Number of protein chains: 2
Amino acid sequence: MIKRMKSLPLCHPQWSDPMTILKAPLAGGSPLLTRLSRLTRLDDMAVEALQTAARDVRRSPPRRELISEGEPIRERYALLAGWACRQRILSDGRRQILSFLLPGDLIGVCQHSNPLAATTIIAISELVTCPAPVADPGSALAEAYARSAALEERYMLAHITRLGRFDARERLADWLLETQQRLATTGLSVADQFPLPLTQEMLADALGLTSVHVNRTLQAMRRDGLLILRQGMAFLPDRDQLEKLVEYKPARVSAGGENYATP
Amino acid sequence: MIKRMKSLPLCHPQWSDPMTILKAPLAGGSPLLTRLSRLTRLDDMAVEALQTAARDVRRSPPRRELISEGEPIRERYALLAGWACRQRILSDGRRQILSFLLPGDLIGVCQHSNPLAATTIIAISELVTCPAPVADPGSALAEAYARSAALEERYMLAHITRLGRFDARERLADWLLETQQRLATTGLSVADQFPLPLTQEMLADALGLTSVHVNRTLQAMRRDGLLILRQGMAFLPDRDQLEKLVEYKPARVSAGGENYATP
DNA sequence: CGATCGTTTGACAAGGGTCAAAATGCGTGG
DNA sequence: CCACGCATTTTGACCCTTGTCAAACGATCG
């Protein structure tokens, strides 16, 4: 296997404009609150804490390294707007993107003391973050965090299956469905349409392919009416077909209630 | 991609004998206690709880499904002896093994209420399990569980990188190193030698390859003096070489102390 | 001693990688 | 407003790693 060693592209050009990023997610409350309240019933205290936290926003430019692999984790953020990713880079330049972080996701929240970062996290587009409120053991917020962590585990397991047993087209289909669904949870995707601020090379690094092959596969999918890409937006015209292709099932984390109404 | 549909082999023949499985791990205390006490300093209460739990052992035959994907998780076990795996099977028969569970590992321990199993878990060899003691929030045991969960996340992330960016030889090398190290933590590997109760097909299903290709790659590695396999035991004669091949770094989860002495 | 399961081999096919160059799009500075 | 520079997408030709299919071989077990 020949190795490559070159600069790593990060952000889709269309998405350098923070305005574009901000307007959708912040309308109608923080995406963090939205997402967590779909995972469990939040009480007033939790909602209060989340709303307070969401007032203390910070911005990070694209390419900024939020957390570095192996370093102690100091702060816990929530992502309010923009995309980030967890990645690992090998010494010969190969890169694996382990997961994408979307608005509403938590960063650096974990249960044990003196945690070290498992992976580097970098901003893909311009980000808006806020501190993640601390959750007392037993609180509704703690339950929400735990379910959020469980969901993250599902995504990792799904990713392992994608990389281990899916071919290129299946990987893309499955990833698109999952991503669309995650975005829909915070209102960032409507009618199977959603922003996709990634280069094909990033997609390749996430899906264990080369950018050339991602390109060809995307073209084939467009030809087959499975996908439309325009100006950094994706649209899935034939969701059924895609779902059939990969036996897609949305991730569920706990029995009984999920999908609680936003308070 | 042509699909396959056939019976799924589970256990290496050499390992049907429970005696073989039992003698090593149970010598010198439960592997669960050993492993957790290397993750954090356990207090007397935790040690007590773990020792009590370890008296209530249960056995499961190979191929038994311990937990089924999507079902509510009722019990929390610790694995005391034998190997199990988490797996996902696609409707066309393709299988992905998501991770292996080794002696000392926890099964079904999670933080939120009404959890649903993320994956099916099945016994590879005959198993010995015990109930996992409940951890009060803030206790040393809770800290140990949290660190254990964090470690599990590392393994998943490493697996994603393996599948996404490593070729066949690298995947095997990396997986062998990781597995050897995990076993060494509970004293199940000494001098780079360890039991490997897997068929090449299981290895293939874990590493995203076919059994034919695993076979050929293993042969090449043996020729190159990287690996010796005999009767279900593996030996790594040239650890340095293997580590260089994949830039292997053991997983670390928290700053300051790990590797606490067993009390 | 078949039956079964796992390993090994061979011949061949194909999905995906590599390399290189052209085409496209976009932001910047003149 | 245009031209230039840079990043990204697209294309083509070629090759290699890995998958597929099939059969032989070896062990283990009733």
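Note that the structure is a prediction, hence the values are computed from the model and not measured. Numbering of residues starts from 1 in each chain and follows the order in which that chain's sequence is written. Throughout, the order in which chains and ligands are written sets their labels, letters from A for the former and numbers from 1 for the latter. It should be noted that, the model being predicted, local features are given only for residues of pLDDT at least 70 and side-chain atom pairs only at 80 or more, the latter also being counted only at that level, while totals for whole chains, interfaces and linings use all residues. Water and hydrogen atoms were dropped before computing side-chain values, which therefore reflect all heavy atoms in the structure.

K.L.:
So, the sheet that holds strand S10 (residues 228–230) of chain A: which residues are in play, and what are the values?
P.N.:
Residue and element names in this part refer to chain A. If DSSP finds at least two bridges between two strands, the strands pair. Put simply, DSSP H or I for four residues or longer makes a helix, DSSP E for two residues or longer makes a strand, and each gets a number counted from the N terminus. Strands sit in the order S9-S11-S10 across an open sheet of 3 strands; the sheet is antiparallel. Unpaired on one side and paired on the other, strand S9 (193–195) and S10 mark the two borders of the sheet. Averaged over all pairs of adjacent strands, the angle between strand axes in this sheet comes to 20°, irrespective of strand direction. Sheet topology places S10 next to strand S11 (residues 233–235); 3 bridges connect them, and they run antiparallel. Looking at the pairing, Leu229 lines up with Ala234 of S11. Here the axes come from fitting lines to C-alpha atoms, over the contacting stretch only for helices, and the angles between their N-to-C directions go from 0 to 180 degrees.

K.L.:
Mind laying out empty space enclosed by the protein, listing which residues take part and the relevant values?
P.N.:
Residues and elements named next belong to chain A. The pocket and cavity definitions rest on a 1 Å grid over protein atoms only: a 1.4 Å probe that fits but cannot leave marks a cavity, an open set with protein on both sides within 12 Å along at least five of seven lines marks a pocket, and residues lining either have an atom within 4 Å of a point. Grid points are joined across faces, edges and corners, and a volume is the space filled by probe spheres set on the points. For the coordinates displayed, the defined rule picks out 2 cavities of 30 Å³ or more. Its boundaries defined by the atoms lining it, the second largest cavity holds a volume of some 110 Å³. Forming the walls of the second largest cavity are Ile97, Leu98, Ser99, Phe100, Tyr155, Met156, His159, Arg162, Trp175, Glu178, Arg182 and Ala206. Residue assignment for the lining of the second largest cavity shows that the elements contributing at least two residues are strand S5 (95–101), helix H4 (140–165) and helix H5 (168–185). The residue classification treats Ala, Val, Leu, Ile, Met, Phe, Trp, Tyr, Cys and Pro as nonpolar and Asp, Glu, Lys and Arg as charged. All others, Gly included, are polar. When the residues that make up the lining of the second largest cavity are grouped by side-chain class, the tally is 7 nonpolar, 2 polar and 3 charged.

K.L.:
I'd like a description of the environment of Ala158(A), backed by residues and values.
P.N.:
Secondary-structure assignment places Ala158(A) in helix H4. Here the term buried applies to any residue with accessible area under 20% of the maximum for its type, exposed to any over 50%, and partly exposed to those in between, with areas from a 1.4 Å probe on protein chains only. For Ala158(A), a relative accessible area of 17% gives the class buried. Counting along the chain gives 28 residues from Ala158(A) to Cys130(A), while the straight-line C-alpha distance between them is 28 Å. Each residue touching Ala158(A), except ones within four places of it in the same chain, is listed here: Glu178(A) and Arg88(B). Contacts are assigned to residue pairs with any non-hydrogen atoms lying within 4.5 Å of each other.

K.L.:
Describe unusual backbone geometry, naming the residues involved and giving the relevant values.
P.N.:
Positive phi values are uncommon outside glycine, yet Asp192(A) reaches one of about 60°. Along the chain, the position of Asp192(A) falls in the loop between H5 and S9.

K.L.:
Pulling in residues and values, what's your account of the sheet that holds strand S4 (residues 84–89) of chain A?
P.N.:
Whether parallel or antiparallel, the strands of a sheet pair through hydrogen bonds between backbone atoms. All names here are of chain A. The 4 strands lie next to each other as S2-S7-S4-S5, forming an open sheet whose pairing is antiparallel. Only two strands of the sheet have a single partner each, and these edge strands are strand S2 (65–67) and S5. Sheet twist, expressed as the mean angle between neighbouring strand axes with direction ignored, is 35°. Pairing geometry for S4 and strand S7 (residues 120–123), over 4 bridges, is antiparallel. Across the sheet, the residue bridging to Cys85 is Ile122, located in S7.

K.L.:
Can you break down H4(A) residue by residue, with the values?
P.N.:
For a helix, the expected span equals 1.5 Å multiplied by the residue count minus one. Given a rise of 1.5 Å per residue, 26 residues ought to cover 38 Å, and the 37 Å separating the end C-alpha atoms of H4(A) matches this to within 8%. Across the 26 residues that make up H4(A), a large majority, 23, are buried.

K.L.:
So what's going on with the packing of aromatic side chains? Residues and values would help.
P.N.:
Residue and element names in this part refer to chain A. Under the pairing criterion, centres of Phe, Tyr and Trp rings, with the six-membered ring standing for Trp, must be within 6.5 Å; the plane angle then separates stacked pairs below 30 degrees from edge-to-face pairs above 60, leaving the rest tilted. Counting across every chain of the model gives 4 aromatic pairs over all chains. Between Phe100 and Trp175, the aromatic rings sit 5.5 Å apart at their centres with planes inclined by 70°, giving edge-to-face as the arrangement. With Phe100 in strand S5 and Trp175 in helix H5, this residue pair connects regions lying 75 residues apart in the sequence. According to the relative accessible area criterion, Phe100 is buried, its value standing at 4%. By way of ring pairs, the aromatic residues Trp83, Phe100 and Trp175 are connected into one cluster. Seen from the ring of Tyr155, Arg182 lies directly overhead, with NZ or CZ sitting 4.9 Å from the centre. Two thresholds decide whether a charge sits over a ring: the Lys NZ or Arg CZ must be within 6 Å of the ring centre and within 35 degrees of the ring normal.

K.L.:
An account of the relation of the copies chain B and chain A is requested, with residue identities and associated values reported.
P.N.:
The copies were overlaid with a least-squares fit restricted to C-alpha atoms from residues scoring a pLDDT of at least 70 in each copy. Overlay of chain B on chain A (RMSD 0.0 Å): rotation 180°, translation along the axis 0.0 Å. The two molecules are tied by a two-fold rotation axis, judged by turn and shift.

K.L.:
Lay out the pattern of salt bridges in plain terms, naming residues and giving numbers.
P.N.:
Here a salt bridge means any side-chain nitrogen of Lys or Arg lying within 4 Å of a carboxyl oxygen belonging to Asp or Glu. If you walk through the whole model with that rule in mind, you get 36 salt bridges over all chains. Two residues, Glu152(B) and Arg86(B), come together in a salt bridge whose shortest N-O distance is 3.6 Å. Remark: Arg86(B) occurs in strand S4 (residues 84–89) and Glu152(B) occurs in helix H4 (residues 140–165); sequence separation between them is 66 residues. Residue class for Glu152(B) comes out partly exposed when judged on its relative accessible area of 30%. Among the ionic pairs, Glu143(B) bridges to Arg147(B), the shortest N-O distance being 2.8 Å. In this pair, Glu143(B) and Arg147(B) are both assigned in helix H4, 4 residues apart and thus about one turn of the helix distant. Exposure class is identical for Glu143(B) and Arg147(B). Each is buried. Within this structure, Arg35(A), Asp105(A) and Arg182(A) form a network of salt bridges that share partners.

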